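# A closer look at the structure
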Amino acid sequence: MSALPNGIALVAKKPSQPKTRGFLHIVRHGSGINVFYILTYHRLDRIGARPKAMLAEGAQALIDLLEKVGVDFRLREVRGALEDILRLGSANIPDLWLSDDEMLEKGMIEG
């Protein structure tokens, strides 16, 4: 760590891994209080570890899991995907950029 004259401290970071573009596929099963969701992250380059399905039991668990993954609920595409899940039973959330380390940390790929 080094200090600059104006008091700003810089912390040396390890080089970050390149991020891979992908999308999150969400499928709803059941209805009412018995609803559950299966989420799978798909890399567009199809290189690396295979995706691992994630389970969310109920709507609140889905929202919590999406927050953990880093989905931005302010985006129109995300809000539209959530509406599609309610209406149609499945949807994709596009343009998620994650590194292998991030995917492993969030439980989205096999370790």
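Position numbers for residues start from 1 in each chain and track the written sequence from start to end. For this predicted model, a pLDDT threshold of at least 70 governs which residues receive local features, and a threshold of 80 or more governs which side-chain atom pairs are given and counted, while totals over whole chains, interfaces and linings are taken from all residues. Working from all heavy atoms in the structure, the side-chain values ignore hydrogens and water.

## Overview of the sheet that holds strand β6 (residues 90–98)
Heads up, the condition is: At least two DSSP bridges between two strands are required for those strands to pair. The secondary structure listing takes helices from DSSP runs of H or I that are at least 4 residues long and strands from runs of E that are at least 2 residues long, numbered from the N terminus. Axis geometry follows a simple rule: fit a line to the C-alpha atoms, using only the stretch in contact for helices, then measure angles between N-to-C directions, giving values from 0 to 180 degrees. Note on definitions: a residue-residue contact is assigned when non-hydrogen atoms from the two residues lie within 4.5 Å.
Strand order in the open sheet made by the four strands is β5-β4-β3-β6, with antiparallel pairing throughout. Lying at the two open borders of the sheet, with one neighbouring strand each, are β5 (54–57) and β6. For this sheet, the mean angle separating the axes of adjacent strands, direction not counted, is 25°. Pairing of strand β3 (residues 20–29) with β6 involves seven bridges; the strand directions are antiparallel. Across the sheet, the residue bridging to I26 is A91, located in β6. Its contacts with the sheet put helix α1 (residues 59–69) on β3, β4 (36–43), β5 and β6, and the angle it makes with β5 is roughly 140°.

## A short note on the pattern of salt bridges
As a reminder, the rule being used: Salt bridge, as used here: a side-chain nitrogen of Lys or Arg that lies within 4 Å of a carboxyl oxygen of Asp or Glu. Categorising residues by exposure relies on relative accessible area from a 1.4 Å probe, with only protein chains included: less than 20% of the type maximum marks a residue as buried, more than 50% marks it as exposed, and the intermediate range marks it as partly exposed.
Across all of its chains, the model carries five salt bridges by this definition. A salt bridge links D100 to R43; its shortest N-O distance comes to 2.5 Å. A residue pair is termed long-range when its members are at least 10 positions apart, and D100 in helix α3 (residues 100–105) and R43 in strand β4 qualify at 57 residues. Of the residues examined, R43 reaches a relative accessible area of 13% and is grouped as buried. Where R87 meets D84, a salt bridge forms, and the shortest distance between an N and an O atom there is 2.5 Å. Taken together, the positions of R87 and D84, both in helix α2 (residues 76–88) and three residues apart, correspond to about one turn of that helix. Residue classification places D84 among the partly exposed positions, given a relative accessible area of 24%. One salt-bridge network, held together by shared partners, links R43, D45 and D100.

## Describing the confidence of the model for the protein
Do not read the predicted coordinates in detail wherever pLDDT is low. Note the cut-off: pLDDT expresses how confident the predictor is about each individual residue, on a scale running from 0 to 100.
Summarising the model, the protein shows a mean pLDDT of 83, and 81% of its residues fall at 70 or more. Between residues 7–15, whose pLDDT stays under 50, and residues either more than four places distant or in other chains, the model counts eight contacts.

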